[in-house]
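Okay, here's what each chain looks like letter by letter:
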Amino acid sequence: MTTDTSTPGIGFLLRVIVKAVALFAVCNFATILLPDALLSTASVYNTLVPGRERFPFSNASQSDNNVTISNLDVLFGSHIIYSAARDDDEYRVFLLGDSAMWGFNLVAADQYATHINAQNPATPDEQPVRVYNLAYPGTSAAKDLLILEYAMRYSPDLVIWMVTPTGLTHEEQISHDITRSNPNFARTVFDNYRLDLEPDYITTTLWERTLYGQREQLFRLLRLQLYAGTWAGIGFDHRIPDTYPTPTNDFDDDLRWRDRDPGHNLLDQWDMDVVRAVMNRTSPDMILINEPVYRADGENSDLHYNSYLPRWVNDTYRETMAALATENDWTYYDWWDAVPPSEFIDPLHVKPDGAQQVSDMLLDVILENAED
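Here the structure is a predicted model, which is why all the values come from computation and not from measurement. (Residues numbered from 1 in each chain as written. Predicted model: local features only at pLDDT ≥ 70, side-chain atom pairs only at ≥ 80, totals over all residues. Heavy atoms only, no water.)

Some details on the packing of helix H6 (residues 141-151) against helix H9 (residues 183-192)
Thought 1: Where H6 meets H9, the closest approach of the two axes is 10 Å, and the angle between their N-to-C directions is 95°. Judged by the inter-axis angle, H6 sits roughly perpendicular to H9. Only Phe185, Ala186, Val189 and Phe190 of H9 make contact with H6, whose side of the interface consists of Ala142, Leu145, Leu146, Glu149 and Tyr150. (Axes fitted to C-alpha atoms, helices over the stretch in contact; angles between N-to-C directions. Helix = DSSP H or I, 4+ residues; strand = E, 2+ residues; numbered from the N terminus. Parallel < 35°, antiparallel > 145°, perpendicular 65-115°, else oblique. Contact = heavy atoms within 4.5 Å.)

Structure representation (C-alpha cells):
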C-alpha cells in the first residue's frame with residue numbers, strides 16, 4: 001500500500017482561495033444585517049461589571065487605560081444609566097456639557113454627579129435624587145442635543161446643561177466626533193428640529209457598514225471591554241496629572257478669537273437655533289448654565305479673561321445668553337465667575353475643591369427646581 005504524497009494541484013489551491021474569499025465576503029457584509037444597537041448590548045458593562053459613571057474618553061497623552069468612543073449605542077451601553085430601571089420614586093437628573101462637566105483631570109469620585117449622589121439628596125417630597133453624568137468632552141451644542149435626544153428613553157425629570165461660547169460656533173456643530181460617528185441619528189434629529197446642519201459626511205455608505213469598514217470601531221469596543229476589570233476593581237477611568245498646571249495669566253494685546261476680530265458680529269457665527277432646540281422643550285425641565293471660567297489678573301487681563309476668552313467675546317456672549325433666556329423664559333444661571341481663580345488648572349477645568357464647590361451649587365439648583 002502506498003501513500004499519495006503529491007503536492008496539491010493548482011485546482012485545489014484555487015478552490016481553497018475562492019472559498020476563503022467567499023467566507024471573508026460573507027462575514028464582511030453580514031454585519032450590514034446586524035442592528036446598530038447590538039453594539040450596546042454586547043458589553044460586559046451593566047452585566048458582569050457595573051456601568052461607568054461617565055462616558056469613556058481617553059486622554060491619550062496620559063496613557064490613561066481608557067479609550068475614546070463616540071458611537072452613542074456603545075456610550076450608553078457602557079454607562080450606568082443603561083441598567084438604571086425607571087423608578088417612579090427617583091428624581092432623575094441628567095448633566096450635559098463639555099469636558100468640564102465630564103470631569104477632565106478629575107477622578108470619577110470628584111466629578112459633579114458623584115459628589116452630589118454621595119450626599120444622598122432628596123426632594124422636599126422625599127423623593128431620592130439621582131444625578132447622571134451624560135457630558136462628553138468637546139464643545140458642541142449639537143453634540144449635546146444628540147446625547148439628550150438619545151437619553152430621552154431613560155426618562156429624565158431635569159436636565160442641566162452647561163455651555164460655552166465656542167460650543168455655539170457653526171464649525172463646532174458639524175465637526176464633533178459624536179456627530180460624525182452617528183450620521184443617521186444626527187440627520188434625523190437635525191431634520192426633526194429643522195436645523196441648518198447638513199455636512200457632507202452625514203451619510204453612511206454600504207462599505208462603511210461592513211466588518212472591514214467598522215474595524216476601528218470594533219477594535220475600540222474590544223479595548224473598552226478589556227478595561228472593564230480596572231473600572232470594576234478600583235473605579236479607575238481617567239488618569240490625572242501628578243501636579244496640576246497653572247493657567248496662563250499674562251497675555252499679548254491680540255484680541256482675535258478663532259480668527260475673528262473685535263467688533264465681528266458673533267451672532268452670525270453662533271447657532272442659537274441649536275440652543276433653542278435643546279431648551280424649548282416641554283419636558284423634561286431644562287436649566288441652562290454659563291460655565292465657570294478662569295479669570296486672569298496679569299498683563300493685559302483688562303483685554304482677556306483667560307487664554308480662551310477675550311473680554312469682548314465673553315461680554316457679548318453673556319449679554320446674548322441673558323437676553324435669549326429672558327425672551328424665552330428659560331431658567332438660566334450665569335456662573336462665569338463663580339469659582340475662585342485659584343481653583344482652575346486652565347481656562348475651563350477645575351481642581352477637586354473647585355469641583356466640590358460647583359457640585360454644591362448644582363445641588364442647590366436641583367433642589368430649588370424640585371420645589372417648583
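A word on the side chain of Asn290
Thought 1: Within the element layout of this structure, Asn290 appears in strand S4 (residues 285-290).
Thought 2: Among the residues examined, Asn290 registers a relative accessible area of 2% and is labelled buried.
Thought 3: Polar side-chain contacts of Asn290 include one of 2.8 Å to the side chain of Asp334. (Buried < 20%, exposed > 50% of the residue type's maximum accessible area, 1.4 Å probe, protein only. Polar contact = N/O pair within 3.5 Å; in protein donor to acceptor, adjacent residues only side chain to side chain.)

A word on the environment of Gln357
Thought 1: For Gln357, the position within the fold is in helix H14 (residues 352-371).
Thought 2: Classification of Gln357 by relative accessible area gives partly exposed; the value is 26%.
Thought 3: Remark: the alpha-carbon pair of Gln357 and Pro340, spanning 17 residues in sequence, is separated by 9.8 Å.
Thought 4: Excluding anything up to four places from it in sequence, Gln357 contacts Ala338, Val339 and Pro340.

A few points about the pattern of salt bridges
Thought 1: As enumerated under the stated definition, the model contains 10 salt bridges in all.
Thought 2: Residue Arg281 pairs with Glu149 through a salt bridge whose shortest N-O separation is 2.6 Å. Of this pair, Arg281 sits in the loop between helix H12 (272-279) and S4 while Glu149 sits in helix H6, placing them 132 residues apart in sequence.
Thought 3: For Arg281, a relative accessible area of 18% translates into the label buried.
Thought 4: Exposure remark for Glu149: the relative accessible area of 22% places this residue in the partly exposed category.
Thought 5: Across the salt bridge formed by Glu171 and Arg260, the nearest N and O atoms sit 3.4 Å from each other. Here Glu171 is found in helix H7 (residues 170-175), whereas its partner Arg260 is found in the loop between helix H11 (228-234) and H12, with 89 residues between them in sequence.
Thought 6: Residue class for Glu171 comes out partly exposed when judged on its relative accessible area of 30%.
Thought 7: Each of the salt bridges in this network shares a partner with another, and the network as a whole consists of Glu171, Glu172, Arg258 and Arg260. (Salt bridge = Lys/Arg side-chain N within 4 Å of Asp/Glu carboxyl O.)

Observations regarding the pairing of S4
Thought 1: With five of six residues buried, S4 is to be regarded as a mostly interior element.
Thought 2: Of the strand pairs in this sheet, S4 and strand S5 (residues 331-334) are connected by four bridges, and their pairing is parallel. Residue pairing in the sheet places Asn290 in a bridge with Asp334 of S5.
Thought 3: Handedness of the β-α-β unit built from S4, helix H13 (residues 311-328) and S5 comes out right-handed. (Pairing = 2+ DSSP bridges. Right-handed = clockwise from strand over helix to strand, strands pointing away.)

What to know about a negative patch on the surface
Thought 1: A grouping of Asp285, Asp360, Asp364, Glu368, Glu371 and Asp372 is seen on the molecular surface, where their side chains present a negatively charged patch.
Thought 2: Per-element tally for the negative patch: the top contributor is H14, with four residues.
Thought 3: Within the secondary structure layout, Asp285 lies in strand S4.
Thought 4: A relative accessible area of 39% means that Asp285 is categorised as partly exposed. (Patch = residues over 30% accessible without salt bridge, like charges linked within 9 Å, V, L, I, M, F, W, Y side chains within 5 Å. Areas by Shrake-Rupley, 256 points an atom, 1.4 Å probe, with all protein chains shown as cover. Lys, Arg positive; Asp, Glu negative; His and termini not counted. Charge placed at Lys NZ, Arg CZ, Asp CG, Glu CD.)

Some remarks on the side chain of Asp237
Thought 1: Along the chain, Asp237 falls in the loop between H11 and H12.
Thought 2: Engagement of the side chain of Asp237 in a polar contact is seen with the side chain of Arg54, the distance being 2.9 Å.

Some words on the packing of aromatic side chains
Thought 1: For the coordinates displayed, the defined rule picks out 11 aromatic pairs.
Thought 2: On the numbers, 6.0 Å between centres and 85° between planes, the contact of Phe94 with Tyr132 is edge-to-face. Of this pair, Phe94 sits in strand S1 (residues 91-96) while Tyr132 sits in strand S2 (residues 129-133); the two residues are 38 residues apart in sequence, bridging distant segments of the chain.
Thought 3: Under the relative-accessibility criterion, Phe94 is labelled buried at 1%.
Thought 4: Linked through ring pairs, Phe55, Phe76, Tyr150, Tyr154 and Phe185 together constitute an aromatic cluster.
Thought 5: If you follow Arg54 out to its NZ or CZ, it ends over the ring of Trp102, 4.2 Å from the centre.
Thought 6: The aromatic ring of Trp257 is capped on one face by Arg258, whose charged end is 5.9 Å from the ring centroid. (Phe/Tyr/Trp six-rings, centres within 6.5 Å; stacked < 30°, edge-to-face > 60°. Lys NZ or Arg CZ within 6 Å of the ring centre and 35° of its normal.)

What to know about H6
The α-helix advances 3.6 residues per turn, and as a result positions three or four apart in sequence lie on the same side.
Thought 1: Counting buried residues in H6 gives 10 out of 11 residues, a clear majority hidden from the surface.
Thought 2: Residues Ala141, Ala142, Lys143, Asp144, Leu145, Leu146, Ile147, Leu148, Tyr150 and Ala151 constitute the buried set of H6.

Observations concerning H14
Thought 1: The end-to-end C-alpha distance of H14, which contains 20 residues, comes to 29 Å, matching closely the 28 Å that a straight helix rising 1.5 Å per residue would cover.
Thought 2: Turning to H14, its buried residues number three or more, namely Gly354, Ala355, Val358, Ser359, Met361, Leu362, Leu363, Val365, Ile366, Asn369 and Ala370.
Thought 3: On its buried face, H14 is in contact with S1, helix H5 (112-118), S2, strand S3 (158-163), S4 and S5. (Expected span 1.5 Å × (residues − 1).)

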